[in-house]
Amino acid sequence: MLDDLDRNLLEILVKDARTSLKELAAQVGLSSPSVSERLRRLEERGVIRAFTVDIDPLALGYTLQAIVRIRPLPGKLHIVQKLIEDIPEFGECDKVTGDDCFVARLFVRSIGDLDGILDRIADKAETSTAIIKAQPIRRRPPPLDAGSPRDRAKALQAI
């Protein structure tokens, strides 16, 4: 699926998505046009979905983050999903199996703001909220190594 050069390019871009083509080419030992072509193919194949910026919510005044588990009331699933999509303070949301239908990350400036947002869906869903104290592991991509699942399991057992 990915060769060593592709993985190397991705590792560099994960560390700094603003790395120039010239610098990428120098680091992987290819010409800039070759790197450009590889990146284009990775984008076309959907391996690279976006080049993005990481904004600190605190710098925008969002002093609190919460994980909200959401269980829509019967017949309200699509309504609740649309509400979540339309409330910009929901930074991300996963549709999951189990007791809850959605697990979402919410950025708020205060507990009052949190209450106000949750009140907007309270008549359509049950919620369970946990305030985030710290994020020891920030969002990161899956491992880029070529090892098999069995090789990774052995490596984890060795730790």
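Residues numbered from 1 in each chain as written. Predicted model: local features only at pLDDT ≥ 70, side-chain atom pairs only at ≥ 80, totals over all residues. Heavy atoms only, no water.

Attention now goes to the overall build of the protein. Assigned secondary structure in the protein consists of six helices and four strands. Taking 2.2 N^0.38 as the reference for a compact globule, 159 residues should give roughly 15 Å; the C-alpha atoms of the protein span a radius of gyration of 21 Å, well beyond that estimate. Along the three orthogonal principal directions, the C-alpha set of the protein runs to about 60 × 40 × 30 Å. Looking at the protein residue by residue over its 159 residues, the buried ones come to 25%. Sequence separation of at least 24 residues holds for 61% of the intrachain contacts in the protein that already meet a minimum separation of 6. Roughly 11200 Å² of accessible area belongs to the protein as shown, and the carbon and sulfur atoms make up 53% of that amount. Charged side chains of the protein number 25 positive and 25 negative; the gap between the two group centres comes to 3 Å. (Helix = DSSP H or I, 4+ residues; strand = E, 2+ residues; numbered from the N terminus. Rg over C-alpha atoms; globule rule 2.2 N^0.38 Å. Buried < 20%, exposed > 50% of the residue type's maximum accessible area, 1.4 Å probe, protein only. Contact = heavy atoms within 4.5 Å. Areas by Shrake-Rupley, 256 points an atom, 1.4 Å probe, with all protein chains shown as cover. Lys, Arg positive; Asp, Glu negative; His and termini not counted. Charge placed at Lys NZ, Arg CZ, Asp CG, Glu CD.)

Here the structure, examined in full by the defined rule, presents twelve salt bridges. A salt bridge links R38 to D6, with the nearest nitrogen and oxygen atoms 2.7 Å apart. Highlighted residues: R38 in helix α3 (residues 32-44) and D6 in helix α1 (residues 4-15), separated in sequence by 32 residues. Each of R69, R71, D100 and E126 takes part in salt bridges that share partners, so that together they form one network. (Salt bridge = Lys/Arg side-chain N within 4 Å of Asp/Glu carboxyl O.)

Next up on the list: the pairing of strand β1 (residues 64-72). Across seven bridges, β1 lies against strand β3 (residues 102-108) in antiparallel orientation. Residue A66 lies in a different strand from β3, and its bridge partner there is L106. (Pairing = 2+ DSSP bridges.)

Pairing is antiparallel in the open sheet, where four strands are placed in the order β2-β3-β1-β4. The open sheet is flanked by β2 (90-95) and β4 (125-131), the only strands paired with a single partner. Across the sheet, the axes of successive neighbouring strands diverge by a mean angle of 20 degrees, strand direction being ignored. With seven bridges joining them, β1 and β4 adopt antiparallel strand pairing. Note on β4: the bridge partner recorded for P72 is A125. Packed on one face of the sheet, helix α5 (residues 111-121) meets β1, β2, β3 and β4 and runs near 160 degrees to β4. (Axes fitted to C-alpha atoms, helices over the stretch in contact; angles between N-to-C directions.)

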